[in-house]
Amino acid sequence: MKEIDNQEWKIYVTKCTSGEWPVPPAFVSDKDNWICRAIVGRVLYFIKDTEGAMRVLSTFINDVKPDMEDHPEQGMCEAEHFVLSLRDIAEIIWTLTKNGPAALQYLERAFDICMEFPYRFHTEARGDIWYRRLNILAESGKMEQAVADAEEMVKNEKQESHAPKPIIPDPLYDRVNPYIFYSLRFLAEQKHKEGKTEEACALFEEAYKYFPLSAAGVRDVNKAKETKDWEEKYKAWVFCTTLQYLPWEKQPVVKLRD
């Protein structure tokens, strides 16, 4: 692909640093820095300049290998920038073409990095990547594979949890696992589509055993558990999914597999 010249880059940066959600110029000024291009590309996608986003993200996504030892206490690491860029490319491909294999190719790369990276992510990227993969599999006609993959993930992760292990033990995070949660959420949503609402609610109840819950989260989960009508109960569980009560991965920065 043709490299982005300075004039084209300036146009993209102007779009990112102006408008309703401006990005500080210092974050997007260096065209030669792939992380700046990652930020610009993702911002362009966010503001619905899909063509510009794909143009920018495509300039590095096939050549860069993120530093897997980069894990700052503040701000996103290289692996996180790269994973989110892969996710957005997959979304662009899926939205424009509905080409499942092409979109999944990028999500698989992102997922592999999520599983390999041993430090904390500051975003929801790990579970979100896996959940999006399951949904695109299902939407592209591979529902059986998606269900089987979700069930296998739950089984494997229960045997060997990859949840973050804080230096100071914290019971709120002892069982947190985004892969189990998102797998069970996906399975619950499929059961509801099949009209099996009681089974869907049971899966959601299990899923929230692996979700980081604040006091408000405990309140909402208990409300869902106590709701008697099955459809209302399901709606209460869906409401819980609209809120991230606590960060997925707790500070301090530690290796997730230590």
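About the thresholds
Residues numbered from 1 in each chain as written. Predicted model: local features only at pLDDT ≥ 70, side-chain atom pairs only at ≥ 80, totals over all residues. Heavy atoms only, no water. Salt bridge = Lys/Arg side-chain N within 4 Å of Asp/Glu carboxyl O. Buried < 20%, exposed > 50% of the residue type's maximum accessible area, 1.4 Å probe, protein only. Helix = DSSP H or I, 4+ residues; strand = E, 2+ residues; numbered from the N terminus. Expected span 1.5 Å × (residues − 1). Arc of directions from axis to C-beta. Contact = heavy atoms within 4.5 Å.

Novice: I'd love a proper account of the pattern of salt bridges, names of residues and values included.
Specialist: Taken as a whole and assessed by the stated rule, the structure comprises 16 salt bridges. Asp32 serves as the salt-bridge partner of Lys31, at 4.0 Å between the closest nitrogen and oxygen. Under the relative-accessibility criterion, Asp32 is labelled exposed at 63%. For Glu139, the salt bridge goes to Arg132, with nearest N and O atoms at 3.9 Å. Residues joined by salt bridges that share partners form a network here, namely Arg87, Asp88 and Asp128.

Novice: Describe helix 7 (residues 143–159), with residues and values.
Specialist: Between its terminal C-alpha atoms helix 7 stretches 25 Å, which fits the 24 Å expected from 17 residues at 1.5 Å a residue. Those residues of helix 7 that fall on the buried side of the exposure criterion are Ala146, Asp149, Ala150, Met153, Val154 and Glu157. Down the axis, helix 7 shows its buried residues gathered within 135 degrees of arc, on one side only. With respect to the buried face of helix 7, the exposed residues turned more than 90 degrees away are Glu144, Lys155 and Gln159. Buried residues along helix 7 sit in contact with helix 5 (100–116), helix 6 (125–139) and helix 8 (178–193).

Novice: Outline the environment of Val43, listing residues and values.
Specialist: Structurally, Val43 is set in helix 2 (residues 34–46). Taking relative accessible area as the criterion, Val43 reaches 15% and is therefore assigned buried. Those residues in contact with Val43 that lie beyond four places of it in its chain are Cys16 and Val23.

Novice: Lay out the environment of Ser85 with the relevant residues and their values.
Specialist: Along the chain, Ser85 turns up in helix 4 (residues 78–97). Distance in space between the C-alpha atoms of Ser85 and Arg42 is 6.5 Å, their sequence separation being 43 residues. Those residues within four positions of Ser85 in sequence are excluded, and the remaining contacts are Ala38, Arg42, Leu57, Phe60 and Ile61.

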